[in-house]
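For reference, the chains in residue letters:
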Amino acid sequence: MTEKYEWRKFERSIYPTMKRPTITTIPAQTFITLTGQGDPNTAPFGDKVAALYAISYAIKMAPKKDIVFPGAFDYTVYPLEGRWTLPEGYNQPTIDKTQLLYTIMIKQPAFVDEQVLAQAKTMVKEKVPAELLAEMKLTTVAEGLVGMLLHVGSFDTEQEDFERLDYFLHNEGYERTEKAHKEIYLSDFRRVAEDKRKTLLRVKIAKNQQLQDLL
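Right, let's get into the packing of aromatic side chains. Remark: the centre distance and the inter-plane angle together describe each pair of aromatic rings, the angle taken between the planes. Considering all chains together, one arrives at 16 aromatic pairs under this definition. Residues Tyr5 and Phe10 carry aromatic rings whose centres are separated by 5.1 Å and whose planes lie at 20° to one another, so their mutual orientation is stacked. Overall, the relative accessible area of 41% leaves Phe10 in the partly exposed class. Ring centres 6.3 Å apart and planes at 45° place the aromatic pair Tyr15 and Tyr78 in the tilted group. Taken together, the residues span a long stretch of sequence, with Tyr15 in the loop between helix 1 (7–10) and strand 1 (22–26) and Tyr78 in the loop between helix 2 (43–60) and strand 3 (80–85) at a distance of 63 residues. Classification of Tyr78 as buried rests on a relative accessible area of 5%. Here the aromatic cluster, defined as three or more aromatic residues joined through ring pairs, consists of Tyr5, Phe10, Phe69, Phe73, Tyr75 and Phe111. The side chain of Lys60 reaches across the aromatic face of Tyr75, ending 5.6 Å from its centre.

Written out as structure tokens, the structure reads:
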């Protein structure tokens, strides 16, 4: 491949940038992942985000250091993503951020395998704490059928758009299948002003058979 692979250009159905809700099927994708629990506004979470960016950019920039992975090609690093949920049985009226369970991840191109990940870990060992390198995994995720829309603004104002998404899905004859949700950070929230942040909100769905029977 001679042309630089741009995920924004070639994967628009996976990463739509419209505020209008959409429904699509997400294929199996491979990510480098880290898991944790706690408030995302704390240093431990920030360290994990930095670690994922560090290793993802190390893989992309490897040719600059004369390291050529089999099948590698030039590409744009994918955005950070996060899967968020709460412990089983959590029933508080408001969200206690210290109780949040998350898996944060950055998608990798097809040539990234366990050998590439292992070599990349050695490339960033001076930048990334050893415990985080040990926790990093290469994980294949098949999300399947999802509903999603673009949220612009603070993370604390997402609820209104989640309600809009739920309304859309209900009218289309679908329902969410789990309380967890996915956030794809199309803007680097470490550098973009809060009111300009673009976050893709995504939920797993299935047809609501009772609604389908009425339609």
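Anyway, onward from the coordinates.
Further remarks concern the packing of helix 2 against helix 3 (residues 114–123). Contact pair helix 2 / helix 3: the axes reach a minimum separation of 9 Å and the direction vectors enclose 110°. Our classification of the angle between helix 2 and helix 3 gives roughly perpendicular. Across the interface between the two elements, Ile55, Ala58 and Ile59 from helix 2 touch Val116, Leu117, Ala120, Lys121 and Met123 from helix 3. A breakdown of the residues in the contact of helix 2 with helix 3 according to their chemical character gives 7 nonpolar, no polar and 1 charged.

The subject of this paragraph is the pairing of strand 2 (residues 29–37). Sheet topology note: the strand 2/strand 5 (residues 137–141) ladder contains 5 bridges and is antiparallel. Bridged to Thr33 within strand 5 is Lys137. Of the strand pairs in this sheet, strand 2 and strand 4 (residues 101–107) are connected by 7 bridges, and their pairing is antiparallel. Along strand 4, the bridge assignment pairs Thr35 with Thr103.

Now for the environment of Phe162. Relative to the elements of secondary structure, Phe162 occurs in helix 5 (residues 158–171). Judged by its relative accessible area of 8%, Phe162 is buried. Along the backbone, Phe162 and Leu201 are 39 residues apart, and their C-alpha atoms lie at a distance of 7.6 Å. Excluding its chain neighbours within four sequence positions, the residues that come into contact with Phe162 are Arg176, His181, Leu201 and Val203.

Our next topic: helix 2. Taking 1.5 Å of rise per residue, 18 residues should cover 26 Å, and helix 2 covers 26 Å from first to last C-alpha, within 8% of that figure. Those residues of helix 2 that are buried lie in contact with strand 2, strand 3, strand 4, helix 3 and helix 4 (130–135).

Glancing now at the nonpolar core. Membership of the largest hydrophobic core comes to 47 residues, with the highest contact counts inside it found for Ile32, Ile59, Leu80, Ile104 and Met136. Mapped by element, the contributors of at least two residues to this core are strand 2, helix 2, strand 3, strand 4, helix 3, helix 4, strand 6 (144–152) and strand 8 (181–185). Per-element tally for this core: the top contributor is helix 2, with 8 residues. For Ile59, the contacting residues outside a window of four places in its chain are Ile32, Phe69, Tyr75, Gln108, Phe111, Val112, Val116 and Ala120. Phe162, Leu165, Leu169 and Ile205 belong to the second-largest nonpolar core, a separate cluster that totals 8 residues.

Once that is clear, we can look at the environment of Ala120. Within the secondary structure layout, Ala120 lies in helix 3. Counting along the chain gives 63 residues from Ala120 to Tyr57, while the straight-line C-alpha distance between them is 9.5 Å. Ignoring anything within four residues of it in the chain, the contact list for Ala120 reads Ile55 and Ile59.

All told, the structure shown has 12 salt bridges when counted by the stated rule. For Lys60, the salt bridge is made with Asp74, and the minimal N-O distance between the two is 3.0 Å. One end of the pair, Lys60, is in helix 2; the other, Asp74, is in the loop between helix 2 and strand 3, with 14 residues separating them in the sequence. Glu81 is the partner of Lys182 in a salt bridge, and the nearest nitrogen-oxygen pair spans 2.7 Å. On the criterion of sequence distance, the pair formed by Lys182 in strand 8 and Glu81 in strand 3 is long-range, its members being 101 residues apart. The two residues Lys182 and Glu81 agree in class, both being buried. One connected set of salt bridges, linked through shared partners, spans Glu81, Glu143, Lys182 and Arg202.

Criteria and cut-off values
Residues numbered from 1 in each chain as written. Predicted model: local features only at pLDDT ≥ 70, side-chain atom pairs only at ≥ 80, totals over all residues. Heavy atoms only, no water. Phe/Tyr/Trp six-rings, centres within 6.5 Å; stacked < 30°, edge-to-face > 60°. Buried < 20%, exposed > 50% of the residue type's maximum accessible area, 1.4 Å probe, protein only. Helix = DSSP H or I, 4+ residues; strand = E, 2+ residues; numbered from the N terminus. Lys NZ or Arg CZ within 6 Å of the ring centre and 35° of its normal. Axes fitted to C-alpha atoms, helices over the stretch in contact; angles between N-to-C directions. Parallel < 35°, antiparallel > 145°, perpendicular 65-115°, else oblique. Contact = heavy atoms within 4.5 Å. Nonpolar A, V, L, I, M, F, W, Y, C, P; charged D, E, K, R; others polar. Pairing = 2+ DSSP bridges. Expected span 1.5 Å × (residues − 1). Core = buried A, V, L, I, M, F, W, Y, C linked by side-chain atoms within 4.5 Å. Salt bridge = Lys/Arg side-chain N within 4 Å of Asp/Glu carboxyl O.

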